[in-house]
Amino acid sequence: MGSAIDTWNDSAGAIYMGAGTSWELTWLAVSAVMCVVAIYVGGKHEADAYKEAEK
Amino acid sequence: MEEQLAQVIAELAALKAAQAVTNTTFAETYYYLSIPLMILIHVGFLGYEMGASRQKNVLASGIKNILAFAFIVPTFYYFGWFVYWAWTPGLLPTFGEGGSWETAMAFANPLGEVMGPNLDDRATGVFWGAFTLFAATTASIMSGAVIERIRVVSFVILAIVLGSFAWVVAAAWGWHYQGWLVTEWGFHDFGAAGLVHMVAGFFALGVLINLGPRIGKFNADGSANNLSPHNMPLVLIGLMLIIAGFWGFLMACLIVPGEAWSWFNSHMATIYGTPTTLSALSFNILMSFAGGIIGAWVVTRDPFWMMSGALGGIISCASGLDLYWPPLAFGIAFFAGCVLKPCADMVEKIGIDDAVGAVTVHGTLGIIGVMGVGIFASGYPALQGDAGTVPTISFMGQFVGMIVMLLLGLVPGYVVSLILKMMGILRVGEAAEIAGLDPTKVPSQAYPEWKGAHHAAE
């Protein structure tokens with residue numbers, strides 16, 4: 001993480017933190033896992049709620 | 001041959017003049033259009049606060065919100081815009097030739113020629129307008145926290161202090177290329193998580209400490225009761241409108257290219273003069289919006305907190321929207337969405353009745369926003385310049401800025417509200433609060449055909 005840029009003079013191309021490093025794939029994977037976990041946890045809650053309603 | 005050359009030169013000069021007019025008109029229109037988009041933030045806050053109120057107070061909450069916006073406009077004209085330009089050096093302006101006071105007199109003197117229709121100045125009005133809407137946003141942030149028991153006049157006074165002074169000082173220090181937080185500490189707050197959201201959130205906290213909770217909020221044993229919004233769909237739509245208006249807010253944080261006052265001729269810049277693009281913002285605003293919603297959904301399942309998470313997600317990434325890798329923005333916002341409700345519960349546990357979670361969404365998540373840049377974007381140059389000649393973004397610089405923003409909000413909010421409290425004009429009367437502010441002082445009714453519309457909701 002952090003900056004590969006030490007001056008903005010003549011800067012071009014990708015400027016985001018971690019550009020061109022393994023942090024790109026890391027955070028891509030982390031954000032995707034967050035989405036999957038959210039769907040799993042949400043789905044479980046929903047299923048439990050419907051089961052409760054059947055009682 | 002010479003005639004042809006002269007003709008080409010004349011046509012080239014005409015083309016350049018036409019291009020300059022087009023660019024200037026684009027720049028003027030760009031900031032002009034950010035203003036109605038930012039007014040959507042106020043549409044949103046209006047719906048949000050009225051929906052969050054109990055039925056007996058709904059119009060009183062609306063009046064308060066509308067007046068905040070109305071009074072910010074003239075006071076920001078009279079002195080707020082001046083403060084932004086004059087207070088960059090620190091606690092006081094610098095005087096004399098080349099000082100910040102002289103700069104403010106040139107750009108923001110309310111008696112000056114640029115502060116009105118002026119054919120030679122097509123920038124001051126739209127810049128002032130955009131900043132006025134930033135100012136009104138700070139007042140709206142405070143507004144929701146204090147609903148149902150603050151006196152209108154005291155609220156207006158507090159809104160003026162916050163919107164036309166406190167956050168403006170923060171902006172002069174940390175959102176200006178000559179601000180001392182930037183030049184000495186490399187402070188970076190692209191989307192104003194610190195100088196707007198933290199200042200407003202902690203100002204609200206200072207007021208809430210003196211204002212006290214709504215009657216019936218806390219029991220004798222300290223446990224809290226839920227004073228439910230009377231119209232949750234209105235709250236949700238209000239919050240979504242705030243998100244829409246946020247796009248105007250963030251677009252107005254950019255400096256367009258090609259003008260005499262621009263940083264670059266070829267692309268946009270942040271207010272610090274560092275390069276960025278609308279494309280960068282599009283990635284990171286949407287990803288942070290989504291992350292905040294999803295994180296809050298996982299923890300709460302509650303649509304109120306999900307939409308607060310949307311707002312909080314953007315705020316938690318606002319400082320670095322120009323620098324973050326989009327999946328990182330999603331991750332930060334997801335985390336913010338997850339901690340939102342627990343943080344709000346902690347505020348309630350210490351006896352603070354924040355009706356809409358403003359202290360948490362704006363104050364606490366604003367801290368995440370400011371510090372996130374120190375963690376993830378350390379090392380970036382904070383300003384234009386050769387390597388080693390300008391300050392860089394750092395964890396310590398962001399920490400110093402964070403403390404400054406917190407104090408710039410908390411101290412004036414607490415002190416001014418304490419003075420109003422000592423004068424006996426901070427809070428509405430107890431009988432009026434129990435009966436409802438609408439039947440007490442509003443000439444119209446929100447729901448005239450509903451039976452019991454003016455009865456106590458609880």
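The notes below deal with the structure included here. (Residues numbered from 1 in each chain as written. Chains lettered and ligands numbered in written order. Predicted model: local features only at pLDDT ≥ 70, side-chain atom pairs only at ≥ 80, totals over all residues.)

Further remarks concern the overall build of chain B. Within chain B, the secondary structure is distributed over 15 helices and 0 strands. At 23 Å, chain B has a C-alpha radius of gyration in line with the 23 Å of a compact globule built from 458 residues. C-alpha atoms of chain B, sized along the principal axes, occupy 90 × 45 × 45 Å. Counting across all 458 residues of chain B, residues that qualify as buried make up 55%. A sequence separation of at least 24 residues applies to 76% of the contacts in chain B between residues at least 6 apart. (Helix = DSSP H or I, 4+ residues; strand = E, 2+ residues; numbered from the N terminus. Rg over C-alpha atoms; globule rule 2.2 N^0.38 Å. Buried ≥ 20, exposed ≤ 12 C-beta atoms within 10 Å, placed from the backbone. Contact = placed C-beta atoms within 7 Å.)

All right, on to helix 4 (residues 124–145) of chain B then. When the terminal C-alpha atoms of helix 4 of chain B are compared, their 33 Å separation across 22 residues agrees well with the 32 Å that a helix rising 1.5 Å per residue should span. Of all 22 residues that make up helix 4 of chain B, 17 are buried, and the element is covered over most of its length. (Expected span 1.5 Å × (residues − 1).)

Below, the discussion takes up the nonpolar core. All names here are of chain B. By size, the foremost hydrophobic cluster in this structure holds 167 residues, and its most contacted members are M142, W167, V199 and A204. Among the elements that line this core, the one with the most residues is helix 5 (residues 152–174), at 15 residues. Setting aside residues up to four positions removed in sequence, M142 forms contacts with L158, A159, L162, A200, F203, A204, V207 and A358. (Core = buried A, V, L, I, M, F, W, Y, C linked by C-beta atoms within 7 Å.)

Residue and element names in this part refer to chain B. Contact geometry for helix 8 (residues 232–251) and helix 10 (residues 303–318): axes closest at 9 Å, N-to-C directions at 15 degrees. Comparing their axes, helix 10 and helix 8 come out roughly parallel. As for how helix 8 packs across helix 10, the hand of that crossing is left-handed. Here M232, V235, L236, L239, M240, I242, I243 and F246 of helix 8 lie close against helix 10, whose contacting residues are P303, F304, M307, S308, A310, L311 and I314. Grouping the amino acids of the contact of helix 8 with helix 10 by side-chain chemistry returns 14 nonpolar, 1 polar and no charged. (Axes fitted to C-alpha atoms, helices over the stretch in contact; angles between N-to-C directions. Parallel < 35°, antiparallel > 145°, perpendicular 65-115°, else oblique. Left-handed = near helix turned anticlockwise from the far one by under 90°. Nonpolar A, V, L, I, M, F, W, Y, C, P; charged D, E, K, R; others polar.)

Turning our eyes to something else, we now look at the interface of chain A and chain B. Each partner contributes to the interface: chain A provides 24 residues, whereas chain B provides 24 residues. Split by residue class, the side of chain A that touches chain B holds 13 nonpolar, 9 polar and 2 charged.

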